[in-house]
Protein chains: 2
Amino acid sequence: MGGPAPLQISVGAATAGVTLVGVGPGDPELLTVAALRAIRAAAVVAYPVAQSGGDGMAAAIAAPWLLAEQRRLPLLFPMVAEAPPRIAAWHAAADALAVEVAAGLPVVLLCEGDVSLFASSSYVLLALRQRHPHCPLRLVAGVPAVCAAAATASAGGIPWPLALQSEGLLIRPTPETAGELEHLLDQAAATATNVALLKLGQRWPWVRSLLDRRGLLEGALLAQRVGWPDQLLAPASAVPSGERAYFSLLLIRQGWPAVLP
Amino acid sequence: MGGPAPLQISVGAATAGVTLVGVGPGDPELLTVAALRAIRAAAVVAYPVAQSGGDGMAAAIAAPWLLAEQRRLPLLFPMVAEAPPRIAAWHAAADALAVEVAAGLPVVLLCEGDVSLFASSSYVLLALRQRHPHCPLRLVAGVPAVCAAAATASAGGIPWPLALQSEGLLIRPTPETAGELEHLLDQAAATATNVALLKLGQRWPWVRSLLDRRGLLEGALLAQRVGWPDQLLAPASAVPSGERAYFSLLLIRQGWPAVLP
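A quick note: this is a predicted structure, and the numbers were derived from the prediction, not measured.

S.K.: Any chance you could explain the overall build of chain A here in plain terms?
M.R.: Helix and strand content of chain A: seven helices and 11 strands. Relative to the 2.2 N^0.38 estimate, which gives 18 Å for 261 residues, the radius of gyration of chain A is 20 Å and therefore close to what a compact globule would have. Based on the C-alpha atoms only, the size of chain A along its principal axes is roughly 60 × 60 × 35 Å. For chain A, the proportion of its 261 residues judged to be buried stands at 54%. A separation of at least 24 residues holds for 78% of the contacts in chain A among residues at least 6 apart in sequence. Just so you have it, chain A exposes about 10100 Å², and 57% of that area is on carbon and sulfur atoms. Across chain A, the 17 positively charged side chains and the 18 negatively charged ones have centroids separated by 4 Å.

Below you can see the structure in the form of structure tokens.
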């Protein structure tokens, strides 16, 4: 018997230049065919790291698809608030990629999630355009964490359509203050907008109280490390107060459309 | 020489139940590995059609990955404003899928873009939970059109990060009136939120005038049929007034963060 034959995906000739590749939020199965082809055709695999010698999340996600003979190029993006070291890091990353391209090597830069949504690759893109305007560039879109969280929740018995009909979906970092979040939720409710709050992290205790007060805790979904072996997806009401992981996110729906099955 | 060996992806044993599969916005290369595995393991491939005998966009996107021996199951979702025929269609789709599952067949339902974002699959999911609560369900997240549009624009020389740092991204249908859009853009500007307006279609003439009046035309990006052979991506200023395709979208950025490369 044996079921259907394995899929065979051809890998084309490598093209010179940098390909920014979204690898999705955690599960290596969420890489696209375009991402796989770009990665397999690359001689150099670059990826962001937060500290020298550290592992990168994007590289960890793509790990099952990488080849031993591909050269690794970790790019240091320090997680600091000050602007100068971040700007210097973006410039250094662009220059390092341009050096490989000038040597004739096809390069990929792996990016967690999608390449255009809160992505280090967006800064590298801007720096490359500025400093190396003739460097050939491609981008491969990826699955955003918010989409993976909604799909995983729905599969797990908590149906979570991100947006239906005339609703909106707002994706943004968690506000810094309760006042800001109150205002944001008022606006969202008035415009039938569902909200995805990223980087919940240490803000969870006061966010939880606020949602509780507004009667939104039961319908909200907390997602953390979606697609990783230690993922957490739960109704926000089931997640106790306390600090959460930096890459946790919250989905908030304050209403439903009138027409539903 | 011959370059790297082709990638071989194994197809696991089919599992009973329905898998809702996001196939991305147009390019068959944007299907994920998880999507390919689910599709190849299916005996029945269901997909939405707007009229009986019509072709479905999701089926067209997945076409290169489908096998001749897989049974096609078009599901009719009429594009009408009235609620009763739409509700009846969601119920009928859920029932048709449940029949296949009851017969022991693994089924996929293909969905354009992501499965949770303005997707027919969200209604089928809700109808299945309601009418066939024991039907096993999986979801495979997909690449949203907005992400593919941004990546394609950036690769084409119009760098379009959807969101950076503390910015927000609001994805929603185009408002019905100029007054609503004015209000939306005021709110978005005040909260550093970039806006993706879907289903631009026949609203383009008055939306264009409004953006022009606000000085936003040059920085806005119009995208249509992203990933299809006839895709259009252009600065909104380059797209003349007149009706656009139903599935056209507009990306609007009213400012930039202070810290950039």
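S.K.: When you look at the packing of helix 6 (residues 178-190) of chain B against helix 7 (residues 204-213) of chain B in this model, what are you seeing that I'm missing?
M.R.: The description of two helices packed together rests on the angle between their axes and the distance between the axes. Residue and element names in this part refer to chain B. Where helix 6 contacts helix 7, the two axes come as close as 10 Å, and the packing angle between them is 40°. Between helix 6 and helix 7, the crossing angle belongs to the class labelled oblique. For the crossing formed where helix 6 meets helix 7, the hand is right-handed. Facing helix 6, whose interface residues are Ala178, Leu181, Glu182 and Leu185, helix 7 presents Trp206, Val207, Leu210, Leu211 and Arg213.

S.K.: Just checking my understanding: could you explain the relation of the copies chain B and chain A for this structure?
M.R.: Superposition of the two copies of the chain requires a rotation about an axis and a shift along the axis. Mapping chain B onto chain A leaves a residual RMSD of 0.0 Å; the transformation is a rotation of 180° accompanied by 0.0 Å of translation along its axis. With respect to symmetry, the two chain copies, as superposed, fit the operation of a two-fold axis. Both copies present the same face, since 100% of the interface residues in chain B are matched by interface residues at the equivalent positions in chain A.

S.K.: Teacher, can you tell me more about the state of the cysteines here?
M.R.: Two cysteines, two sulfur atoms, one covalent bond between them: this is a disulfide. Applying the stated criterion to the full structure yields zero disulfides over all chains. As a non-bridged cysteine, Cys111 of chain A has Cys147 of chain B as the owner of its nearest cysteine sulfur, 12 Å distant. Residue class for Cys111 of chain A comes out buried when judged on its relative accessible area of 4%.

S.K.: How should I be thinking about the packing of aromatic side chains in this particular structure?
M.R.: The description of two aromatic rings rests on the distance between their centres and on the angle between their planes. Using the criterion set out here, one finds four aromatic pairs over all chains in the structure. On the numbers, 4.1 Å between centres and 5° between planes, the contact of Trp90 of chain B with Tyr123 of chain B is stacked. In this pair, Trp90 of chain B sits in helix 3 (residues 83-102) while Tyr123 of chain B sits in helix 4 (residues 120-131), placing the two residues 33 residues apart along the sequence. Accessibility assignment for this pair places Trp90 of chain B and Tyr123 of chain B in one class, buried. In this structure, Arg225 of chain A is placed above the aromatic ring of Trp228 of chain A, and the distance from its NZ or CZ to the ring centre is 4.4 Å. Against the face of Trp160 of chain A rests Arg253 of chain A, its NZ or CZ located 5.7 Å from the ring centre.

S.K.: Is there a simple way to think about unusual backbone geometry in this case?
M.R.: Peptide bonds are mostly trans, and most non-glycine residues show a negative phi. One non-glycine residue, Lys199 of chain A, adopts positive backbone phi at about 50°. Note that Lys199 of chain A resides in the loop between strand 8 (193-198) and helix 7 (204-213). At Gln165 of chain B, a position not held by glycine, the phi torsion is positive, near 50°. Mapped onto the secondary structure, Gln165 of chain B falls in the loop between helix 5 (145-155) and strand 7 (168-173). Among the residues examined, Gln165 of chain B registers a relative accessible area of 22% and is labelled partly exposed.

S.K.: Looking at this model, I keep getting lost on the pattern of salt bridges. Mind explaining?
M.R.: Two side chains bearing opposite charge may form a pair once their charged atoms approach each other closely. Residues and elements named next belong to chain A. Counted under the stated rule, the structure contains 18 salt bridges over all chains. The partner of Arg214 in a salt bridge is Glu182, and the shortest N-O contact between them spans 2.5 Å. Remark: Glu182 occurs in helix 6 (residues 178-190) and Arg214 occurs in the loop between helix 7 and strand 9 (221-224); sequence separation between them is 32 residues. Arg214 gets classed as partly exposed once you look at its relative accessible area, which sits at 27%. When its relative accessible area of 23% is taken as the criterion, Glu182 is described as partly exposed. Arg214 serves as the salt-bridge partner of Asp186, at 2.6 Å between the closest nitrogen and oxygen. Placement of Asp186 in helix 6 and of Arg214 in the loop between helix 7 and strand 9 is noted, with a sequence separation of 28 residues between them. A network of salt bridges, in which partner residues are shared, links Glu182, Asp186, Arg213 and Arg214.

S.K.: Any chance you could explain the interface of chain B and chain A here in plain terms?
M.R.: With 73 residues of chain B in contact, the opposing surface of chain A contributes 74 residues. Here chain B and chain A share an interface that buries about 6200 Å² over both sides, 66% of which is from carbon and sulfur atoms. For chain B, the biggest contributors to the area lost against chain A are Leu7, Glu29 and Pro261 of chain B; these three give 12% of the whole. There are two salt bridges connecting chain B and chain A. At the surface where chain B touches chain A, the tally comes to 22 residue pairs in polar contact (both at pLDDT 80 or more). Broken down by secondary-structure element, the contributors of at least two residues to the side of chain B that touches chain A are strand 1 (7-9), helix 1 (33-41), helix 3, helix 4, strand 6 (137-140), helix 5 and strand 7 of chain B. With seven residues, helix 4 of chain B is the largest single contributor of residues to the side of chain B that touches chain A.

Cut-offs applied
Residues numbered from 1 in each chain as written. Chains lettered and ligands numbered in written order. Predicted model: local features only at pLDDT ≥ 70, side-chain atom pairs only at ≥ 80, totals over all residues. Heavy atoms only, no water. Helix = DSSP H or I, 4+ residues; strand = E, 2+ residues; numbered from the N terminus. Rg over C-alpha atoms; globule rule 2.2 N^0.38 Å. Buried < 20%, exposed > 50% of the residue type's maximum accessible area, 1.4 Å probe, protein only. Contact = heavy atoms within 4.5 Å. Areas by Shrake-Rupley, 256 points an atom, 1.4 Å probe, with all protein chains shown as cover. Lys, Arg positive; Asp, Glu negative; His and termini not counted. Charge placed at Lys NZ, Arg CZ, Asp CG, Glu CD. Axes fitted to C-alpha atoms, helices over the stretch in contact; angles between N-to-C directions. Parallel < 35°, antiparallel > 145°, perpendicular 65-115°, else oblique. Left-handed = near helix turned anticlockwise from the far one by under 90°. Least-squares fit on C-alpha atoms with pLDDT ≥ 70 in both. Disulfide = S-S within 2.5 Å. Phe/Tyr/Trp six-rings, centres within 6.5 Å; stacked < 30°, edge-to-face > 60°. Lys NZ or Arg CZ within 6 Å of the ring centre and 35° of its normal. Salt bridge = Lys/Arg side-chain N within 4 Å of Asp/Glu carboxyl O. Buried area = accessible area lost by both parts, 1.4 Å probe. Polar contact = N/O pair within 3.5 Å; in protein donor to acceptor, adjacent residues only side chain to side chain.

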